[in-house]
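Summary of the model geometry
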Amino acid sequence: MEIAICDDERKICQLLQNKIEKYYFSQDLPFNIYIYEDGNSLLESNLNKIDVLFLDIDMPGKNGMEIAHELRNYNKDLLIVFLTAYSEYVFESFKVDTFRYLLKPLDDQELVEVLDAALDRIQIDKDEYFNFHFQGEIYSMRYKDIIYIEGMKDKIWIHCTNDTYRWRGTLKNLQELLKEKGFFQVHRSYIINMDKIQRYNSKIIYLEGNEEVPISRYKLDAFKEEYIRFWSKVL
């Protein structure tokens, strides 16, 4: 589990970190915790790797609510838990799809309930995510956001709806990981998400986002069969 804490009070960050560490040690689960003491440093970080964000509302500069609105522009799946000494923000927090709302001073039982609920949610959602490491960074993306993958030897690029990521390995290995998720290798250098196909002919597959991928003539018949099989399941 990847967890971030953003609060301008260092003591609160340390206290919350200690409580969260105690919880995950008791569960014998792997975790990482990242601390941010202002909204700007949080927004400048790689939030794709974060599962749960504990976010203080009352901070100098951009408050937590403003930060949450910005986060939702490019990350709609992050679980946001607001921290505040006041209950007046509860209804406004619904606008940013808040996961939970914790009042200060923090109640241990309420925090455990939030961590339990987050763990349940993440374990369910993880089945829909492709997670990997590259050059010391952790990346997580929904399978449905992947449009296609291209590569040559061990240099792989994963093209998603909003970004492109590097992956170290081979297309063959990646195809093995993705074949049960609706992906098909149409060319020695390309794997596509079958759900992103808009149309195709004997040479080109047209995908969402005005993307075009060549199809090998040796793969064409197998692709047509897989295309029919895939859409028969969907429809």
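So, here is what we can say about the structure in this document. As the structure is a prediction and not an experimental result, all values here were calculated from the model.

1. Observations concerning the pairing of strand β9 (residues 155–160)
The sheet contact formed by strand β8 (residues 146–152) and β9 spans 6 bridges and is antiparallel. Bridge assignment links Gly151 to a residue of β9, and that residue is Ile156. Where β8 folds back onto β9 in an antiparallel hairpin, the turn is made up of 2 residues, including Lys153, whose phi is positive at roughly 60 degrees. Relative to strand β10 (residues 164–168), β9 is paired through 5 bridges, and the arrangement is antiparallel.

2. Re the pattern of salt bridges
Counted by the stated rule, this structure contains 11 salt bridges. Lys104 is the partner of Asp7 in a salt bridge, and the nearest nitrogen-oxygen pair spans 2.9 Å. In this pair, Asp7 is assigned in the loop between β1 (2–6) and α1 (10–27) and Lys104 in the loop between β5 (100–103) and α5 (108–125), connecting sequence segments 97 residues apart. For the pair shown, Asp7 and Lys104 are each scored as buried. The shortest N-O distance in the salt bridge between Glu208 and Lys196 comes to 3.5 Å.

3. A word on the packing of aromatic side chains
Under the criterion given, the structure shown has 14 aromatic pairs. Across the ring face of Tyr206, the terminal group of Arg199 is positioned such that the distance to the ring centre comes to 4.0 Å.

4. Quick look at the nonpolar core
The nonpolar side chains of a soluble globular protein tend to be buried with one another. If you look at the biggest cluster of nonpolar residues, it comprises 25 residues, and the most contacted ones within it are Ile20 and Phe54. Within the residue set of this core, elements represented by two or more residues are β1, α1, β3 (52–56), β4 (79–84) and α5. Tallying contributions element by element places α5 first for this core, with 7 residues. Not counting the four nearest positions on each side in its chain, Ile20 is found in contact with Ile3, Ile5, Ile33, Phe54 and Leu115. Counting residues in hydrophobic clusters, the runner-up holds 22 residues, among them Met59, Met65, Leu71 and Phe82.

Quick notes on the rules
- Residues numbered from 1 in each chain as written.
- Predicted model: local features only at pLDDT ≥ 70, side-chain atom pairs only at ≥ 80, totals over all residues.
- Heavy atoms only, no water.
- Pairing = 2+ DSSP bridges.
- Helix = DSSP H or I, 4+ residues; strand = E, 2+ residues; numbered from the N terminus.
- Salt bridge = Lys/Arg side-chain N within 4 Å of Asp/Glu carboxyl O.
- Buried < 20%, exposed > 50% of the residue type's maximum accessible area, 1.4 Å probe, protein only.
- Phe/Tyr/Trp six-rings, centres within 6.5 Å; stacked < 30°, edge-to-face > 60°.
- Lys NZ or Arg CZ within 6 Å of the ring centre and 35° of its normal.
- Core = buried A, V, L, I, M, F, W, Y, C linked by side-chain atoms within 4.5 Å.
- Contact = heavy atoms within 4.5 Å.

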